[in-house]
Amino acid sequence: MCAAESHADKIHAGKILVLDFGSQYTQLIARRIRESQVYSEIHPCDAPISFIRDFKPKGIILSGSPASVYDNKPPYCPPEILDLGVPILGICYGMQWITHQLDGRVSKSARREYGRAELVIDDATDLLNGVGDALTAQGSRPETVVWMSHGDRIDRMPPGFDVLAHTANSPIAAMRNEKRRLYAIQFHPEVAHTPQGLAILKNFLYRICGCAPTWTMKAYLERAVEQIRERVGDVDVICAMSGGVDSAVAAILTHRAIGDQLTCIFVDNGLLRNQEAERVTETFRKLFKLNLRYVDASKNFLKKLKGVTDPERKRRIIGRQFIQVFEEQAKNMGRPEFLVQGTLYPDVIESVSFKGPSATIKTHHNVGGLPTRMRFKLVEPLRELFKDEVRRLGEEMGLPEEILWRHPFPGPGLAVRIIGEVTRKRLDLLREADDIVEQEIRKADLYPQIWQAFAVLLPIKTVGVMGDERTYEHVMAIRAVHSQDGMTADWVKLPHEVLERISNRIVNEVRGINRVVYDVSSKPPSTIEWE
(Lines give C-alpha, C1' and ligand atoms only; values in the text may rest on other atoms or scores of the structure.)
Protein backbone atom coordinates (compact mmCIF):
# COMPACT_ATOMS: atom_id res chain seq x y z
CA MET A 1 0.00 0.00 0.00
CA CYS A 2 1.42 3.40 -0.98
CA ALA A 3 1.82 6.26 1.50
CA ALA A 4 -1.00 8.30 -0.05
CA GLU A 5 -3.38 5.37 0.33
CA SER A 6 -2.39 4.87 3.96
CA HIS A 7 -3.04 8.55 4.76
CA ALA A 8 -6.38 8.34 2.95
CA ASP A 9 -7.31 5.29 4.99
CA LYS A 10 -6.33 7.14 8.17
CA ILE A 11 -8.28 10.37 7.70
CA HIS A 12 -11.30 8.61 6.19
CA ALA A 13 -11.41 5.93 8.86
CA GLY A 14 -14.84 5.73 10.44
CA LYS A 15 -16.43 7.91 7.76
CA ILE A 16 -20.09 8.85 8.00
CA LEU A 17 -22.49 8.81 5.05
CA VAL A 18 -25.12 11.57 5.05
CA LEU A 19 -28.07 10.76 2.79
CA ASP A 20 -29.79 13.92 1.61
CA PHE A 21 -33.60 13.96 1.43
CA GLY A 22 -33.57 17.60 0.33
CA SER A 23 -33.18 19.47 3.62
CA GLN A 24 -31.74 22.98 3.59
CA TYR A 25 -29.66 21.91 6.60
CA THR A 26 -27.99 18.81 5.13
CA GLN A 27 -24.67 20.62 4.66
CA LEU A 28 -24.75 21.62 8.32
CA ILE A 29 -24.97 17.97 9.33
CA ALA A 30 -21.79 17.21 7.39
CA ARG A 31 -20.01 20.23 8.85
CA ARG A 32 -20.91 19.33 12.44
CA ILE A 33 -19.56 15.82 11.89
CA ARG A 34 -16.31 17.19 10.53
CA GLU A 35 -16.06 19.64 13.43
CA SER A 36 -16.00 16.49 15.56
CA GLN A 37 -12.95 15.34 13.53
CA VAL A 38 -14.83 12.59 11.70
CA TYR A 39 -14.96 12.56 7.90
CA SER A 40 -18.38 12.75 6.25
CA GLU A 41 -19.78 12.91 2.74
CA ILE A 42 -23.20 13.94 1.43
CA HIS A 43 -24.90 11.82 -1.22
CA PRO A 44 -28.45 11.78 -2.59
CA CYS A 45 -30.94 9.72 -0.61
CA ASP A 46 -31.65 7.43 -3.55
CA ALA A 47 -28.02 6.36 -3.95
CA PRO A 48 -27.94 2.67 -4.95
CA ILE A 49 -27.53 0.15 -2.16
CA SER A 50 -24.42 -1.15 -3.97
CA PHE A 51 -22.82 2.29 -3.63
CA ILE A 52 -23.72 2.47 0.06
CA ARG A 53 -22.20 -0.96 0.72
CA ASP A 54 -19.02 -0.05 -1.18
CA PHE A 55 -18.80 3.25 0.71
CA LYS A 56 -18.45 1.20 3.92
CA PRO A 57 -19.73 3.86 6.30
CA LYS A 58 -19.20 3.55 10.01
CA GLY A 59 -22.64 5.14 10.38
CA ILE A 60 -25.42 6.64 8.24
CA ILE A 61 -27.41 9.81 8.90
CA LEU A 62 -30.71 10.46 7.14
CA SER A 63 -31.42 14.17 6.70
CA GLY A 64 -34.62 16.12 7.09
CA SER A 65 -36.83 17.16 4.17
CA PRO A 66 -39.63 19.59 3.36
CA ALA A 67 -41.59 16.56 2.11
CA SER A 68 -44.01 14.22 3.87
CA VAL A 69 -43.83 10.43 3.71
CA TYR A 70 -47.44 10.62 2.46
CA ASP A 71 -46.64 12.77 -0.58
CA ASN A 72 -47.33 11.26 -4.01
CA LYS A 73 -43.62 10.82 -4.72
CA PRO A 74 -41.79 11.31 -1.42
CA PRO A 75 -37.99 11.15 -1.36
CA TYR A 76 -36.78 7.69 -0.46
CA CYS A 77 -33.62 5.67 0.04
CA PRO A 78 -33.00 1.94 -0.38
CA PRO A 79 -34.85 0.21 2.50
CA GLU A 80 -32.06 -2.39 2.58
CA ILE A 81 -29.94 0.11 4.54
CA LEU A 82 -32.00 -0.76 7.61
CA ASP A 83 -30.61 -4.31 7.49
CA LEU A 84 -26.92 -3.47 6.95
CA GLY A 85 -26.16 -3.62 10.66
CA VAL A 86 -24.67 -0.11 10.40
CA PRO A 87 -25.85 2.44 12.99
CA ILE A 88 -28.39 4.82 11.48
CA LEU A 89 -29.60 8.17 12.81
CA GLY A 90 -32.76 9.59 11.23
CA ILE A 91 -33.30 13.33 11.65
CA CYS A 92 -36.82 14.78 11.29
CA TYR A 93 -38.02 13.38 7.92
CA GLY A 94 -35.36 10.68 8.34
CA MET A 95 -37.13 9.62 11.55
CA GLN A 96 -40.49 9.59 9.79
CA TRP A 97 -39.10 7.57 6.88
CA ILE A 98 -37.73 4.91 9.28
CA THR A 99 -41.07 4.78 11.09
CA HIS A 100 -43.03 4.48 7.85
CA GLN A 101 -40.75 1.73 6.51
CA LEU A 102 -40.94 -0.37 9.68
CA ASP A 103 -44.73 -0.30 10.18
CA GLY A 104 -44.95 2.49 12.70
CA ARG A 105 -47.46 5.31 12.22
CA VAL A 106 -46.73 8.84 11.04
CA SER A 107 -49.56 11.35 11.13
CA LYS A 108 -50.19 15.06 10.79
CA SER A 109 -49.58 16.98 14.03
CA ALA A 110 -52.53 18.79 15.57
CA ARG A 111 -50.35 21.86 15.23
CA ARG A 112 -47.11 22.34 13.35
CA GLU A 113 -44.06 22.38 15.62
CA TYR A 114 -41.59 24.98 14.40
CA GLY A 115 -38.85 26.64 16.42
CA ARG A 116 -37.84 26.25 20.04
CA ALA A 117 -39.12 23.29 22.05
CA GLU A 118 -38.33 21.83 25.47
CA LEU A 119 -37.10 18.27 25.10
CA VAL A 120 -37.72 16.03 28.11
CA ILE A 121 -35.19 13.19 28.18
CA ASP A 122 -36.62 9.80 29.18
CA ASP A 123 -33.52 7.67 28.51
CA ALA A 124 -29.98 9.10 28.55
CA THR A 125 -27.97 5.91 28.24
CA ASP A 126 -26.47 6.39 24.78
CA LEU A 127 -27.66 8.94 22.17
CA LEU A 128 -28.71 11.50 24.78
CA ASN A 129 -26.02 10.70 27.32
CA GLY A 130 -24.92 13.79 29.22
CA VAL A 131 -27.48 15.95 27.40
CA GLY A 132 -29.87 18.12 29.39
CA ASP A 133 -29.63 20.19 32.51
CA ALA A 134 -28.77 18.68 35.85
CA LEU A 135 -31.72 17.26 37.74
CA THR A 136 -33.47 20.16 39.41
CA ALA A 137 -35.32 18.03 41.95
CA GLN A 138 -35.43 14.46 43.14
CA GLY A 139 -37.00 12.30 40.44
CA SER A 140 -37.27 15.00 37.79
CA ARG A 141 -36.03 14.35 34.26
CA PRO A 142 -33.35 16.40 32.50
CA GLU A 143 -34.51 18.83 29.82
CA THR A 144 -32.82 20.67 27.01
CA VAL A 145 -33.81 23.16 24.31
CA VAL A 146 -34.06 21.80 20.76
CA TRP A 147 -35.16 23.25 17.41
CA MET A 148 -38.11 21.68 15.62
CA SER A 149 -39.36 22.05 12.05
CA HIS A 150 -42.07 19.53 11.19
CA GLY A 151 -45.76 19.12 10.42
CA ASP A 152 -45.91 15.32 10.80
CA ARG A 153 -45.11 13.39 13.96
CA ILE A 154 -44.72 9.82 15.18
CA ASP A 155 -47.93 8.48 16.70
CA ARG A 156 -46.84 4.87 17.00
CA MET A 157 -43.28 3.59 17.02
CA PRO A 158 -42.31 0.57 14.92
CA PRO A 159 -42.01 -2.74 16.82
CA GLY A 160 -38.83 -3.03 18.89
CA PHE A 161 -38.34 0.72 19.46
CA ASP A 162 -38.16 2.57 22.78
CA VAL A 163 -38.86 6.24 23.55
CA LEU A 164 -35.77 8.28 24.41
CA ALA A 165 -37.36 11.75 24.74
CA HIS A 166 -40.57 13.70 24.23
CA THR A 167 -41.90 17.27 23.98
CA ALA A 168 -45.31 18.71 24.79
CA ASN A 169 -46.30 18.36 21.13
CA SER A 170 -44.35 15.22 20.18
CA PRO A 171 -44.79 12.23 22.52
CA ILE A 172 -42.04 10.46 20.58
CA ALA A 173 -39.35 13.07 19.90
CA ALA A 174 -36.48 10.55 20.02
CA MET A 175 -36.51 6.76 19.76
CA ARG A 176 -34.18 3.78 19.49
CA ASN A 177 -34.06 0.14 18.42
CA GLU A 178 -30.90 -0.91 20.21
CA LYS A 179 -30.78 -4.40 18.69
CA ARG A 180 -30.93 -3.08 15.11
CA ARG A 181 -28.79 -0.01 15.97
CA LEU A 182 -31.45 2.36 14.63
CA TYR A 183 -31.87 5.81 16.20
CA ALA A 184 -34.16 8.66 15.28
CA ILE A 185 -34.92 12.20 16.48
CA GLN A 186 -37.66 14.62 15.48
CA PHE A 187 -35.59 17.77 16.06
CA HIS A 188 -32.52 19.19 14.28
CA PRO A 189 -29.25 18.73 16.23
CA GLU A 190 -27.20 20.30 13.43
CA VAL A 191 -28.51 23.86 13.85
CA ALA A 192 -27.17 26.37 16.38
CA HIS A 193 -30.67 26.71 17.87
CA THR A 194 -30.20 23.25 19.43
CA PRO A 195 -27.48 24.22 21.95
CA GLN A 196 -26.47 20.64 22.78
CA GLY A 197 -26.97 19.31 19.25
CA LEU A 198 -23.25 18.77 18.73
CA ALA A 199 -23.09 16.68 21.91
CA ILE A 200 -25.90 14.49 20.54
CA LEU A 201 -24.10 14.02 17.23
CA LYS A 202 -20.86 13.20 19.05
CA ASN A 203 -22.70 10.55 21.07
CA PHE A 204 -23.80 9.00 17.80
CA LEU A 205 -20.34 9.22 16.27
CA TYR A 206 -18.27 8.01 19.21
CA ARG A 207 -20.54 6.02 21.55
CA ILE A 208 -22.71 4.33 18.93
CA CYS A 209 -20.64 4.18 15.72
CA GLY A 210 -17.23 3.83 17.40
CA CYS A 211 -15.57 6.51 15.25
CA ALA A 212 -12.14 7.96 15.99
CA PRO A 213 -11.10 11.66 15.63
CA THR A 214 -8.89 11.18 12.56
CA TRP A 215 -10.14 14.05 10.36
CA THR A 216 -7.62 16.85 10.98
CA MET A 217 -6.07 19.39 8.65
CA LYS A 218 -2.57 18.22 9.54
CA ALA A 219 -3.44 14.73 8.36
CA TYR A 220 -5.23 16.15 5.33
CA LEU A 221 -2.15 18.20 4.39
CA GLU A 222 0.11 15.15 4.47
CA ARG A 223 -2.32 13.14 2.36
CA ALA A 224 -2.95 15.95 -0.15
CA VAL A 225 0.77 16.57 -0.75
CA GLU A 226 1.35 12.88 -1.43
CA GLN A 227 -1.69 12.56 -3.67
CA ILE A 228 -0.69 15.59 -5.76
CA ARG A 229 2.83 14.18 -6.23
CA GLU A 230 1.46 10.79 -7.18
CA ARG A 231 -1.10 12.18 -9.64
CA VAL A 232 1.15 14.75 -11.29
CA GLY A 233 4.45 12.92 -11.46
CA ASP A 234 7.21 15.01 -13.05
CA VAL A 235 5.12 17.00 -15.56
CA ASP A 236 4.46 20.74 -15.49
CA VAL A 237 1.32 22.12 -13.84
CA ILE A 238 -0.48 25.46 -14.04
CA CYS A 239 -2.71 26.95 -11.36
CA ALA A 240 -5.59 29.34 -11.80
CA MET A 241 -4.73 32.07 -9.29
CA SER A 242 -7.41 34.55 -8.31
CA GLY A 243 -5.91 35.95 -5.10
CA GLY A 244 -8.72 34.66 -2.91
CA VAL A 245 -8.18 32.24 -0.05
CA ASP A 246 -9.25 29.17 -2.04
CA SER A 247 -6.86 29.58 -4.95
CA ALA A 248 -4.11 30.78 -2.59
CA VAL A 249 -4.32 27.68 -0.39
CA ALA A 250 -4.57 25.43 -3.46
CA ALA A 251 -1.50 27.06 -5.00
CA ILE A 252 0.65 26.95 -1.86
CA LEU A 253 -0.39 23.34 -1.20
CA THR A 254 0.49 22.31 -4.76
CA HIS A 255 3.77 24.25 -4.63
CA ARG A 256 4.65 22.39 -1.43
CA ALA A 257 4.05 19.13 -3.27
CA ILE A 258 5.82 19.75 -6.60
CA GLY A 259 7.82 22.99 -6.24
CA ASP A 260 8.95 24.64 -9.49
CA GLN A 261 6.84 22.30 -11.63
CA LEU A 262 4.03 24.72 -10.79
CA THR A 263 3.35 27.95 -12.68
CA CYS A 264 0.53 30.15 -11.40
CA ILE A 265 -1.42 32.22 -13.90
CA PHE A 266 -3.31 35.28 -12.78
CA VAL A 267 -5.84 36.34 -15.38
CA ASP A 268 -7.10 39.90 -15.31
CA ASN A 269 -10.54 39.31 -16.80
CA GLY A 270 -11.64 42.92 -16.33
CA LEU A 271 -14.09 41.77 -13.66
CA LEU A 272 -11.86 42.31 -10.63
CA ARG A 273 -12.17 44.58 -7.63
CA ASN A 274 -10.27 47.85 -7.34
CA GLN A 275 -6.46 47.33 -7.57
CA GLU A 276 -6.95 43.57 -7.30
CA ALA A 277 -4.43 42.68 -10.01
CA GLU A 278 -1.60 44.75 -8.51
CA ARG A 279 -2.24 43.41 -5.01
CA VAL A 280 -2.28 39.74 -6.04
CA THR A 281 0.80 39.77 -8.23
CA GLU A 282 2.90 41.60 -5.65
CA THR A 283 1.80 39.41 -2.72
CA PHE A 284 2.39 36.03 -4.29
CA ARG A 285 5.59 36.88 -6.13
CA LYS A 286 7.28 38.50 -3.15
CA LEU A 287 5.80 36.66 -0.16
CA PHE A 288 5.54 33.12 -1.51
CA LYS A 289 8.15 33.21 -4.30
CA LEU A 290 5.73 31.64 -6.72
CA ASN A 291 6.32 31.59 -10.45
CA LEU A 292 3.36 33.85 -11.30
CA ARG A 293 2.38 35.02 -14.77
CA TYR A 294 0.08 38.01 -15.21
CA VAL A 295 -2.23 37.94 -18.24
CA ASP A 296 -4.45 40.88 -19.20
CA ALA A 297 -7.40 39.29 -21.01
CA SER A 298 -9.99 41.89 -20.06
CA LYS A 299 -10.82 42.90 -23.64
CA ASN A 300 -11.66 39.35 -24.69
CA PHE A 301 -13.79 38.66 -21.62
CA LEU A 302 -15.82 41.86 -21.99
CA LYS A 303 -16.23 41.25 -25.72
CA LYS A 304 -17.67 37.79 -25.08
CA LEU A 305 -20.01 39.15 -22.37
CA LYS A 306 -21.40 41.94 -24.55
CA GLY A 307 -25.18 41.84 -24.60
CA VAL A 308 -25.39 38.87 -22.20
CA THR A 309 -27.81 39.25 -19.30
CA ASP A 310 -28.56 35.67 -18.22
CA PRO A 311 -26.42 34.82 -15.16
CA GLU A 312 -25.88 31.19 -16.14
CA ARG A 313 -24.66 32.26 -19.60
CA LYS A 314 -22.27 34.72 -17.95
CA ARG A 315 -20.79 31.95 -15.79
CA ARG A 316 -20.39 29.53 -18.69
CA ILE A 317 -18.79 32.20 -20.91
CA ILE A 318 -16.35 33.17 -18.17
CA GLY A 319 -15.47 29.52 -17.47
CA ARG A 320 -14.76 28.86 -21.15
CA GLN A 321 -12.71 32.05 -21.52
CA PHE A 322 -10.55 31.15 -18.53
CA ILE A 323 -9.75 27.77 -20.05
CA GLN A 324 -8.92 29.34 -23.41
CA VAL A 325 -6.48 31.71 -21.71
CA PHE A 326 -4.83 28.86 -19.81
CA GLU A 327 -4.54 26.75 -22.97
CA GLU A 328 -2.97 29.66 -24.87
CA GLN A 329 -0.46 30.20 -22.05
CA ALA A 330 0.29 26.50 -21.92
CA LYS A 331 1.51 26.53 -25.53
CA ASN A 332 4.51 28.57 -24.37
CA MET A 333 5.21 26.36 -21.34
CA GLY A 334 5.92 22.95 -22.79
CA ARG A 335 2.20 22.08 -22.73
CA PRO A 336 1.54 21.29 -19.03
CA GLU A 337 -0.99 18.52 -18.54
CA PHE A 338 -2.67 19.62 -15.30
CA LEU A 339 -4.71 22.61 -14.15
CA VAL A 340 -5.03 23.33 -10.41
CA GLN A 341 -8.27 24.92 -9.17
CA GLY A 342 -9.52 25.97 -5.75
CA THR A 343 -12.84 24.13 -6.06
CA LEU A 344 -14.53 23.55 -2.67
CA TYR A 345 -17.11 21.04 -1.48
CA PRO A 346 -19.95 23.66 -1.44
CA ASP A 347 -19.10 24.44 -5.10
CA VAL A 348 -19.64 20.78 -5.93
CA ILE A 349 -22.85 20.52 -3.90
CA GLU A 350 -24.39 23.66 -5.47
CA SER A 351 -23.26 22.87 -9.01
CA VAL A 352 -24.21 19.22 -9.43
CA SER A 353 -27.80 18.07 -9.85
CA PHE A 354 -28.03 14.62 -8.32
CA LYS A 355 -30.80 12.19 -9.17
CA GLY A 356 -33.16 12.90 -6.33
CA PRO A 357 -34.22 15.96 -4.36
CA SER A 358 -31.05 17.98 -4.76
CA ALA A 359 -31.21 20.72 -7.39
CA THR A 360 -28.72 22.98 -9.11
CA ILE A 361 -28.84 26.42 -7.47
CA LYS A 362 -26.24 28.00 -9.72
CA THR A 363 -23.28 26.94 -11.82
CA HIS A 364 -19.85 27.72 -10.42
CA HIS A 365 -17.43 28.70 -13.16
CA ASN A 366 -14.81 26.35 -11.76
CA VAL A 367 -17.18 23.35 -11.67
CA GLY A 368 -20.22 23.43 -13.94
CA GLY A 369 -18.94 26.35 -16.01
CA LEU A 370 -16.03 24.43 -17.53
CA PRO A 371 -16.27 23.22 -21.13
CA THR A 372 -17.03 19.52 -21.51
CA ARG A 373 -13.98 19.05 -23.74
CA MET A 374 -10.87 20.40 -22.10
CA ARG A 375 -7.24 19.45 -22.75
CA PHE A 376 -6.21 19.81 -19.09
CA LYS A 377 -6.62 17.23 -16.40
CA LEU A 378 -7.89 18.86 -13.21
CA VAL A 379 -6.15 18.89 -9.86
CA GLU A 380 -8.60 20.04 -7.16
CA PRO A 381 -6.88 19.50 -3.80
CA LEU A 382 -9.61 21.33 -1.82
CA ARG A 383 -12.61 19.60 -3.40
CA GLU A 384 -13.45 17.75 -0.16
CA LEU A 385 -13.27 20.83 2.08
CA PHE A 386 -15.67 23.45 3.39
CA LYS A 387 -14.43 27.05 3.58
CA ASP A 388 -13.62 26.92 7.30
CA GLU A 389 -11.53 23.79 6.68
CA VAL A 390 -9.65 25.56 3.88
CA ARG A 391 -8.73 28.33 6.29
CA ARG A 392 -7.56 25.82 8.90
CA LEU A 393 -5.47 24.12 6.22
CA GLY A 394 -3.99 27.50 5.31
CA GLU A 395 -3.13 28.13 8.95
CA GLU A 396 -1.44 24.72 9.04
CA MET A 397 0.76 25.87 6.13
CA GLY A 398 1.51 29.27 7.69
CA LEU A 399 -0.45 31.59 5.39
CA PRO A 400 -0.93 35.10 6.84
CA GLU A 401 -4.29 36.15 8.24
CA GLU A 402 -4.76 38.92 5.66
CA ILE A 403 -5.07 36.22 3.00
CA LEU A 404 -6.86 33.55 5.03
CA TRP A 405 -9.59 35.84 6.31
CA ARG A 406 -10.20 37.88 3.20
CA HIS A 407 -13.86 37.98 2.24
CA PRO A 408 -14.82 35.41 -0.44
CA PHE A 409 -15.02 36.70 -3.99
CA PRO A 410 -16.94 34.84 -6.72
CA GLY A 411 -14.96 33.21 -9.51
CA PRO A 412 -16.91 35.11 -12.20
CA GLY A 413 -16.01 38.31 -10.32
CA LEU A 414 -18.07 41.45 -10.63
CA ALA A 415 -19.98 39.99 -13.59
CA VAL A 416 -22.41 38.35 -11.15
CA ARG A 417 -22.69 41.52 -9.07
CA ILE A 418 -23.91 43.48 -12.08
CA ILE A 419 -27.50 42.50 -12.73
CA GLY A 420 -27.92 42.63 -16.48
CA GLU A 421 -25.32 43.39 -19.12
CA VAL A 422 -21.68 43.81 -18.12
CA THR A 423 -20.01 46.92 -19.58
CA ARG A 424 -16.87 48.87 -18.72
CA LYS A 425 -18.94 51.82 -17.51
CA ARG A 426 -21.07 49.67 -15.22
CA LEU A 427 -17.95 47.88 -13.94
CA ASP A 428 -16.34 51.22 -13.07
CA LEU A 429 -19.44 52.27 -11.12
CA LEU A 430 -19.51 49.02 -9.18
CA ARG A 431 -15.76 49.03 -8.43
CA GLU A 432 -15.93 52.49 -6.90
CA ALA A 433 -18.95 51.64 -4.77
CA ASP A 434 -17.56 48.27 -3.71
CA ASP A 435 -14.30 49.88 -2.65
CA ILE A 436 -16.22 52.35 -0.46
CA VAL A 437 -18.12 49.49 1.19
CA GLU A 438 -14.89 47.70 2.12
CA GLN A 439 -13.22 50.90 3.35
CA GLU A 440 -16.11 51.77 5.68
CA ILE A 441 -16.49 48.21 6.95
CA ARG A 442 -12.79 48.17 7.82
CA LYS A 443 -12.90 51.62 9.44
CA ALA A 444 -15.69 50.38 11.71
CA ASP A 445 -13.58 47.30 12.66
CA LEU A 446 -16.34 45.04 11.34
CA TYR A 447 -14.41 43.33 8.53
CA PRO A 448 -13.23 40.27 10.52
CA GLN A 449 -16.73 39.67 11.90
CA ILE A 450 -18.46 39.60 8.51
CA TRP A 451 -18.39 36.74 6.00
CA GLN A 452 -18.94 38.98 2.97
CA ALA A 453 -19.77 42.64 2.37
CA PHE A 454 -20.08 44.05 -1.13
CA ALA A 455 -22.04 46.20 -3.57
CA VAL A 456 -24.39 45.08 -6.34
CA LEU A 457 -25.36 47.24 -9.32
CA LEU A 458 -29.07 46.93 -10.09
CA PRO A 459 -30.56 47.07 -13.61
CA ILE A 460 -32.84 50.01 -12.82
CA LYS A 461 -32.67 53.78 -12.62
CA THR A 462 -34.59 56.01 -10.25
CA VAL A 463 -35.42 59.69 -9.96
CA GLY A 464 -33.36 61.76 -7.57
CA VAL A 465 -32.54 65.36 -6.73
CA MET A 466 -28.93 66.50 -6.61
CA GLY A 467 -27.89 70.14 -6.56
CA ASP A 468 -31.51 71.25 -7.05
CA GLU A 469 -31.59 69.30 -10.30
CA ARG A 470 -33.54 66.21 -11.24
CA THR A 471 -31.45 63.09 -11.79
CA TYR A 472 -32.31 59.72 -13.27
CA GLU A 473 -29.50 57.39 -12.32
CA HIS A 474 -28.50 53.91 -11.16
CA VAL A 475 -29.32 52.12 -7.89
CA MET A 476 -26.63 50.36 -5.84
CA ALA A 477 -27.52 47.59 -3.37
CA ILE A 478 -25.33 46.73 -0.38
CA ARG A 479 -25.08 43.14 0.84
CA ALA A 480 -23.43 42.00 4.10
CA VAL A 481 -23.86 38.53 5.59
CA HIS A 482 -22.74 36.35 8.48
CA SER A 483 -21.94 32.75 7.59
CA GLN A 484 -19.62 29.87 8.45
CA ASP A 485 -19.27 28.13 5.12
CA GLY A 486 -21.46 29.99 2.65
CA MET A 487 -24.12 27.27 2.63
CA THR A 488 -26.43 29.29 4.89
CA ALA A 489 -26.20 32.97 5.81
CA ASP A 490 -27.92 35.70 7.82
CA TRP A 491 -27.89 39.37 6.86
CA VAL A 492 -25.75 41.61 9.06
CA LYS A 493 -27.42 44.25 11.21
CA LEU A 494 -24.90 46.92 10.25
CA PRO A 495 -24.91 49.95 12.56
CA HIS A 496 -27.01 52.74 11.12
CA GLU A 497 -24.10 55.16 11.18
CA VAL A 498 -22.02 52.76 9.05
CA LEU A 499 -24.83 52.38 6.53
CA GLU A 500 -25.24 56.15 6.51
CA ARG A 501 -21.55 56.73 5.73
CA ILE A 502 -21.58 54.10 2.99
CA SER A 503 -24.69 55.56 1.38
CA ASN A 504 -23.50 59.18 1.60
CA ARG A 505 -20.10 58.38 0.13
CA ILE A 506 -21.47 56.30 -2.75
CA VAL A 507 -24.06 58.89 -3.76
CA ASN A 508 -21.56 61.76 -3.49
CA GLU A 509 -18.42 60.09 -4.84
CA VAL A 510 -19.68 57.66 -7.48
CA ARG A 511 -21.02 59.73 -10.34
CA GLY A 512 -24.04 57.96 -11.82
CA ILE A 513 -25.53 56.58 -8.56
CA ASN A 514 -28.36 58.43 -6.82
CA ARG A 515 -29.84 55.72 -4.57
CA VAL A 516 -28.47 53.06 -2.20
CA VAL A 517 -30.51 50.16 -0.77
CA TYR A 518 -29.63 47.46 1.78
CA ASP A 519 -30.34 43.74 1.29
CA VAL A 520 -31.99 42.23 4.40
CA SER A 521 -32.62 38.68 3.12
CA SER A 522 -31.02 35.50 4.44
CA LYS A 523 -29.83 32.32 2.72
CA PRO A 524 -32.11 30.46 2.27
CA PRO A 525 -34.39 31.55 0.69
CA SER A 526 -32.00 33.98 -1.04
CA THR A 527 -28.44 33.23 -2.11
CA ILE A 528 -25.50 35.35 -0.94
CA GLU A 529 -24.65 36.60 -4.42
CA TRP A 530 -27.46 38.12 -6.47
CA GLU A 531 -26.65 36.01 -9.53
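In every chain, residue numbers begin from 1 and rise along the written sequence. Local features in this predicted model are restricted to residues of pLDDT 70 or higher, and side-chain atom pairs are both shown and tallied only at a pLDDT of 80 or more, whereas totals for entire chains, interfaces and linings draw on every residue. By convention in this description, side-chain values take in all heavy atoms of the structure and omit both hydrogens and water.

## Let's talk about a negative patch on the surface
We count it as follows: Within the patch definition used here, like charges are joined within 9 Å and nonpolar side chains (Val, Leu, Ile, Met, Phe, Trp, Tyr) within 5 Å, considering only residues with over 30% relative accessible area and no salt bridge. Using a 1.4 Å probe, accessible areas were evaluated by the Shrake-Rupley method; residue-level cover was limited to the displayed protein chains. Any Lys or Arg side-chain nitrogen found within 4 Å of a carboxyl oxygen on Asp or Glu counts as a salt bridge. Think of it this way: Lys and Arg go in the positive column, Asp and Glu in the negative one, and His and the chain ends go nowhere. For charged residues, the charge sits on one atom: NZ in Lys, CZ in Arg, CG in Asp, CD in Glu. Here a helix means four or more residues in a row that DSSP labels H or I, a strand means two or more in a row labelled E, and each is numbered from the N terminus.
A contiguous patch of negative charge, built from E222, E395, E396 and E401, is present on the exposed surface. By the element assignment, E222 lies in helix α6 (residues 217-232).

## A look at the packing of aromatic side chains
As a reminder of what qualifies: A pair of Phe, Tyr and Trp rings is counted when the ring centres sit within 6.5 Å of each other, with Trp represented by its six-membered ring. The angle between the planes then sorts it: under 30 degrees is stacked, over 60 is edge-to-face, the rest tilted. The cut-offs for exposure are 20% and 50% of the maximum accessible area for each residue type, with area from a 1.4 Å probe on protein chains only; residues under the lower value are buried, those over the upper are exposed, and the others partly exposed. By definition, being over a ring means that NZ of Lys or CZ of Arg is both within 6 Å of the ring centre and within 35 degrees of the ring normal.
In the structure shown here, the tally under the stated rule is 11 aromatic pairs. Centre to centre, the rings of F21 and W97 are 6.3 Å apart; their planes meet at 40°, and the pair counts as tilted. With F21 in the loop between β1 (16-20) and α2 (26-35) and W97 in helix α4 (residues 93-101), this pair connects stretches of sequence that are 76 residues apart. For F21, a relative accessible area of 1% gives the class buried. Over the ring of F55 we find K15, and its NZ or CZ is 4.3 Å from the ring centre. Between R273 and the ring centre of F409, over which it is positioned, the NZ or CZ distance is 4.1 Å.

## Focus: the pairing of strand β3 (residues 59-62)
Condition: Only strands joined by at least two bridges in the DSSP assignment are considered to pair.
Burial along β3 is two-sided: G59 and I61 and I60 and L62, pointing in opposite directions, are all buried. Judged from the 4 bridges that link them, β1 and β3 form a sheet pairing that is parallel. Residue pairing across strands places L17 opposite I60, the latter belonging to β3. Inspection of the sheet shows β3 paired to strand β4 (residues 88-91) by 3 bridges, in the parallel sense. From the neighbouring strand, I60 faces β4, where its bridge partner is I88.

## A closer look at helix α8 (residues 276-286)
Because the α-helix completes a turn every 3.6 residues, residues three or four places apart line up on one side. In plain terms, the rule: Contacts were defined at the residue level, with two residues in contact if any of their heavy atoms lie within 4.5 Å.
By the burial criterion, the buried members of α8 are E276, A277, V280, T281, T283 and F284. Buried positions along α8 lie against β10 (237-241), α7 (245-258), β11 (262-268), β12 (292-296) and α13 (401-404).

## Looking at the packing of helix α9 (residues 298-305) against helix α10 (residues 311-330)
Applied cut-off: Convention adopted: a line fitted to C-alpha atoms gives each axis, helices being fitted over their contacting stretch, and angles between N-to-C directions are expressed from 0 to 180 degrees. Note on terminology: angles under 35 degrees are roughly parallel, angles over 145 are roughly antiparallel, angles of 65 to 115 are roughly perpendicular, and the others are oblique. Note: crossing handedness is left-handed where the near helix turns anticlockwise from the far helix by less than a right angle, and right-handed where it turns clockwise. For this classification, the nonpolar set comprises Ala, Val, Leu, Ile, Met, Phe, Trp, Tyr, Cys and Pro, the charged set comprises Asp, Glu, Lys and Arg, and every other residue, Gly included, is treated as polar.
Relative orientation of the contacting elements α9 and α10 amounts to 150°, with a least axis distance of 10 Å. One finds that α9 runs roughly antiparallel with respect to α10. The hand of the α9/α10 crossing is right-handed. Judged by residue contacts, N300, F301, K304 and L305 of α9 engage K314, I317, I318, Q321, F322 and V325 from α10. For the contact of α9 with α10, the residue count by class is 6 nonpolar, 2 polar and 2 charged.

## Quick word on the packing of α7 against helix α12 (residues 387-396)
At a minimum axis distance of 10 Å, the contact between α7 and α12 shows a crossing angle of 45°. For the element pair α7 / α12, the angle class is oblique. The hand of the α7/α12 crossing is left-handed. Facing α7, whose interface residues are V245, D246, V249 and L253, α12 presents K387, V390, R391, L393 and G394. Partitioning the contact of α7 with α12 into residue classes produces 5 nonpolar, 1 polar and 3 charged.

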